[in-house]
Amino acid sequence: MENTENVDYLQRVQIIAHKEILSFKEALIYLDVSESFLYKLTHKKSIEFTKPNGGKIYFRKSDLDSWMLQSQSINQRVLEEKVLNHLKQNGR
């Protein structure tokens, strides 16, 4: 039974990889988040979605990617370069 579930999951992941628009359930798999968390994001309008005719919720994969990458952390070297550039530009 567990092996069958793994095969089903892998098939769904492969299908998702080729789609541009994802359903709510597909977005859960793609983002690897809980249902309640994704509902909170849509309720707060923290993530872009469409709801054609007031029905099901759909997401552009590119919007999900943007949301995932919005709070990128930068490494120490990049941060130091930004600080030095800022100081140079402000004459300090």
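Residues numbered from 1 in each chain as written. Predicted model: local features only at pLDDT ≥ 70, side-chain atom pairs only at ≥ 80, totals over all residues. Heavy atoms only, no water.

1. Here we look at the nonpolar core
- Among the nonpolar cores identified, the biggest contains 14 residues, and F24, L31, L38, I47, F59 and L64 are the most heavily contacted of them.
- At the level of secondary structure, the elements contributing two or more residues to this core comprise α2 (24-31), α3 (35-43) and α4 (61-69).
- In terms of residues, this core owes the most to one element, α2, which gives five residues.
- Once residues lying within four places of it in the same chain are set aside, the contact partners of F24 are E35, L38, Y39, I57 and F59. (Core = buried A, V, L, I, M, F, W, Y, C linked by side-chain atoms within 4.5 Å. Buried < 20%, exposed > 50% of the residue type's maximum accessible area, 1.4 Å probe, protein only. Helix = DSSP H or I, 4+ residues; strand = E, 2+ residues; numbered from the N terminus. Contact = heavy atoms within 4.5 Å.)

2. Regarding the packing of α2 against α4
- Viewed as axis vectors pointing N to C, α2 and α4 meet at an angle of 40°, and their least axial separation amounts to 11 Å. For the pair α2 and α4, the crossing hand works out as right-handed. Within the contact between the two elements, α2 uses A27, Y30 and L31 and α4 uses K61, L64, D65, W67 and M68.
- Of the residues assigned to the contact of α2 with α4, the class counts are six nonpolar, no polar and two charged. (Axes fitted to C-alpha atoms, helices over the stretch in contact; angles between N-to-C directions. Left-handed = near helix turned anticlockwise from the far one by under 90°. Nonpolar A, V, L, I, M, F, W, Y, C, P; charged D, E, K, R; others polar.)

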